[in-house]
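# Chain and residue survey
Residues per chain, in single letters:
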Amino acid sequence: MERSKKLILVAHCILNSNSKVTGLSRYPGALEPLVVDCIRKGLGIVQLPCPELTFLGLKRWGMTREQYDTPMYRKHCRTILEPLVFQIEDYLLNGYSIEEIVGVDGSPSCGVNLTCSGYSGGELDEALNQHSNLREVPGKGVMMETLTQLLSEKEIIIPFSAIDENKPFA
Ligand code: SF4
């Protein structure tokens, strides 16, 4: 069968919510409406790496963008994204199109329109109090920002969008 030569890149947890911080998943495995829509459109689905899972593992706490915005984490994002950016470049050089990159709004790493802020420092018991400081703010998460930079270094333009887990999935 003829291939579509069209791809979509999605944040890792859209296909595998097991990667999320414990307690934060809104669906059991893959986000069915988005996946079914991609299948119906004939899009190949490429899964981005989960930068938080590969940095801090499954026992990590929920954190804010300020906490992840370090030179070490930025380097980590760059390292795990570089092989993927080479793949994107090769697809484009061979006449494929990358329709979209889909992130997760509100994430400190994968937010596109919104990320999260509110770190107030201190030990964990104080940090629990920090929960009341948490807020969504405009801007990209650290990994999506890094991906934008890596693509821009190669003059590759791909539109970004994001799922909003606070709204029902259509
Ligand atoms: S870091 Fe990104 S891929 Fe990983 S769980 Fe959070 S939103 Fe999903």
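All of the points below concern the structure found in this document.

## A closer look at the overall build of the protein chain
Across its full length, the protein chain carries 7 helices and 6 strands. Helices (α) and strands (β) of the protein chain occur, in sequence order from the N terminus, as β-α-α-β-α-α-α-β-β-α-β-α-β. Taken against the 2.2 N^0.38 rule, which gives 15 Å for 170 residues, the C-alpha radius of gyration of the protein chain at 16 Å falls within 12% of a compact globule. Overall, the protein chain is about 55 × 35 × 25 Å in size when its C-alpha atoms are taken along their principal axes. Out of the 170 residues in the protein chain, the part that is buried amounts to 27%. In the protein chain, of all internal contacts separated by at least 6 residues, the share reaching a separation of at least 24 is 75%.

## So, the environment of Thr-79
Along the chain, Thr-79 turns up in helix H5 (residues 71-93). The class of Thr-79 is partly exposed, set by 13 C-beta atoms lying within 10 Å. Sequence spacing of Thr-79 and Pro-51 is 28 residues, and the spatial spacing of their C-alpha atoms is 9.9 Å.

## Some points on the nonpolar core
In terms of nonpolar packing, the biggest core is built from 27 residues, with Leu-9, Val-10, Ala-11, Ile-14 and Val-102 touching the most fellow members. If near-sequence neighbours (up to four positions away) are discounted, Ile-14 is found in contact with Leu-31, Leu-34, Val-102 and Ile-163.

## Topic: the sheet that holds strand S6 (residues 160-163)
Through backbone hydrogen bonds, the strands of a sheet pair up, either in parallel or in antiparallel fashion. A sheet is described by the order of its strands in space; here 4 strands give the open sequence S2-S1-S3-S6, paired in parallel fashion. Of all the strands in the sheet, just strand S2 (44-47) and S6 have a single pairing partner and so form its edges. For this sheet, the mean inter-axis angle between neighbouring strands, taken without regard to orientation, is 30 degrees. As paired strands, strand S1 (residues 6-10) and strand S3 (residues 97-104) are joined by 5 bridges and run parallel to one another. The residue of S3 that forms the bridge with Leu-9 is Ile-101.

## Re the environment of Val-21
By the element assignment, Val-21 lies in the loop between helix H1 (12-15) and helix H2 (32-40). Placed 36 residues apart in sequence, Val-21 and Gly-57 show a C-alpha to C-alpha distance of 9.2 Å. Residues within four places of Val-21 in sequence aside, it is in contact with Arg-60, Trp-61 and Gly-62.

## Describing the site of the ligand
Residues in contact with the ligand amount to 13 residues; listed here are only the nearest, His-12, Cys-13, Cys-50, Ser-107 and Cys-110. The residue makeup of the shell around the ligand, split by class, is 7 nonpolar, 4 polar and 2 charged.

## Concerning the packing of H5 against helix H7 (residues 142-153)
Taken N-terminus to C-terminus, the directions of H5 and H7 make an angle of 50 degrees; their axes are 9 Å apart at the nearest point. For the element pair H5 / H7, the angle class is oblique. Considering only the axes of H5 and H7, their crossing is right-handed. In contact with Tyr-73, Arg-74, Cys-77, Arg-78, Leu-81, Glu-82 and Val-85 of H5, H7 contributes Val-142, Met-143, Thr-146, Leu-147, Leu-150 and Leu-151. For the contact of H5 with H7, the residue count by class is 9 nonpolar, 1 polar and 3 charged.

## Looking at H7
In this model H7 runs 17 Å from its N-terminal to its C-terminal C-alpha over 12 residues, within 8% of the 16 Å that 1.5 Å per residue would give. Residues of H7 that are buried include every one of Val-142, Met-143, Met-144, Thr-146 and Leu-147, and no others. Buried residues in H7 make contact with helix H4 (65-68), H5, S3 and S6. Phi for Glu-155, located one or two positions after H7, is positive at around 55 degrees.

Rules used throughout
Residues numbered from 1 in each chain as written. Predicted model: local features only at pLDDT ≥ 70, side-chain atom pairs only at ≥ 80, totals over all residues. Helix = DSSP H or I, 4+ residues; strand = E, 2+ residues; numbered from the N terminus. Rg over C-alpha atoms; globule rule 2.2 N^0.38 Å. Buried ≥ 20, exposed ≤ 12 C-beta atoms within 10 Å, placed from the backbone. Contact = placed C-beta atoms within 7 Å. Core = buried A, V, L, I, M, F, W, Y, C linked by C-beta atoms within 7 Å. Pairing = 2+ DSSP bridges. Axes fitted to C-alpha atoms, helices over the stretch in contact; angles between N-to-C directions. Near = placed C-beta within 6 Å. Nonpolar A, V, L, I, M, F, W, Y, C, P; charged D, E, K, R; others polar. Parallel < 35°, antiparallel > 145°, perpendicular 65-115°, else oblique. Left-handed = near helix turned anticlockwise from the far one by under 90°. Expected span 1.5 Å × (residues − 1).

By themselves, these figures tell us nothing about what the structure is for.
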